[in-house]
Amino acid sequence: NNVEDLRFELKNVLFEGNTVFTNEELTKLATPYIGQSVSVIELETIRYRLTQYYTERGYFNSGVLIKPNQQIDTGTVIFEIHEGRLSKIRVSGTERLSLDYIIPRVWRDLEQPFNTNVLKENFSLLLRDPLIKYLNGQLIPDVDSGKAVLDLAVTREQPYSFYLFMLTIPALLQ
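A short tour of the structure in this document, coming up. (Residues numbered from 1 in each chain as written. Predicted model: local features only at pLDDT ≥ 70, side-chain atom pairs only at ≥ 80, totals over all residues. Heavy atoms only, no water.)

### Thoughts on the sheet that holds strand β8 (residues 147–156)
Stated formally: Two strands are said to pair when DSSP picks up at least two bridges between them. Helix and strand assignments come from DSSP, with helices taken as H or I runs of at least 4 residues and strands as E runs of at least 2, each series counted from the N terminus. Fitting a line to C-alpha atoms yields each axis, with helices limited to the stretch in contact; the angle taken between N-to-C directions then spans 0 to 180 degrees.
Ordered in space as β6-β8-β7, the three strands form an open sheet in which the pairing is mixed. The sheet is open, and its two borders are formed by β6 (85–92) and β7 (132–141), each paired with just one other strand. Taking the axes of each pair of neighbouring strands and ignoring which way they run, one obtains an average angle of 20° across the sheet. Judged from the nine bridges that link them, β7 and β8 form a sheet pairing that is antiparallel.

### Regarding the environment of Val 106
To be explicit about the condition: Three labels apply to residues, based on accessible area from a 1.4 Å probe with only protein chains included: buried if under 20% of the type maximum, exposed if over 50%, partly exposed otherwise in between.
Mapped onto the secondary structure, Val 106 falls in helix α3 (residues 99–106). Classification of Val 106 by relative accessible area gives buried; the value is 0%. On a C-alpha basis, the gap between Val 106 and Lys 120 in space is 8.9 Å, while along the polypeptide they are 14 residues apart.

### Quick word on the side chain of Ser 62
So the rule is basically this: Contacts described as polar in this section are N or O atom pairs within 3.5 Å, which, within protein, must combine one atom able to donate a hydrogen with one able to accept it, while residues neighboring in sequence count only if both atoms come from side chains. In this description, contact between two residues means that some pair of their heavy atoms is separated by no more than 4.5 Å.
Checked against the element boundaries, Ser 62 lands in the loop between α2 (40–56) and β4 (63–66). The exposure class of Ser 62 is buried, given its relative accessible area of 7%. At 2.8 Å, the side chain of Ser 62 forms a polar contact with the backbone nitrogen of Gly 84. With residues up to four places along the chain from it excluded, the contact list for Ser 62 reads Thr 51, Tyr 54, Thr 55, His 82, Glu 83 and Gly 84.

If you want it as structure tokens, here you go:
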């Protein structure tokens, strides 16, 4: 018997690890399959739709797995949600700007699920800062699954300078 040929009635789906979206939101993606006879192929379709739901909303390093070693004979399937995060932010080129000034404006909390839309908005706000001339950010996958490193190059706007000069006109000195 091929695993793909095994079917069962899907009665319910459960989620573990989700903090961004509610169970109700995620369940809606599986609703067309609930109460239906499903195979591994349909479960994989649900898993893919859940992952796509996250990535289309800016959570690009998040993903969903079908929980391994679970008993599905009851009709309930558990999906593990892995909400990706930034593991660190590396900043270069600050030219006397404190990291404590830059980093919280780019990303406030490394424990918060990472969303590229929020990062873009934060970049946009930081580029309006009169102290910042340019920002160049690059996301690099970290060794831990679902984690990313943000390399950020900052070019500071030239600080204001005060110049004092003296003009002497010989005719006025006589």
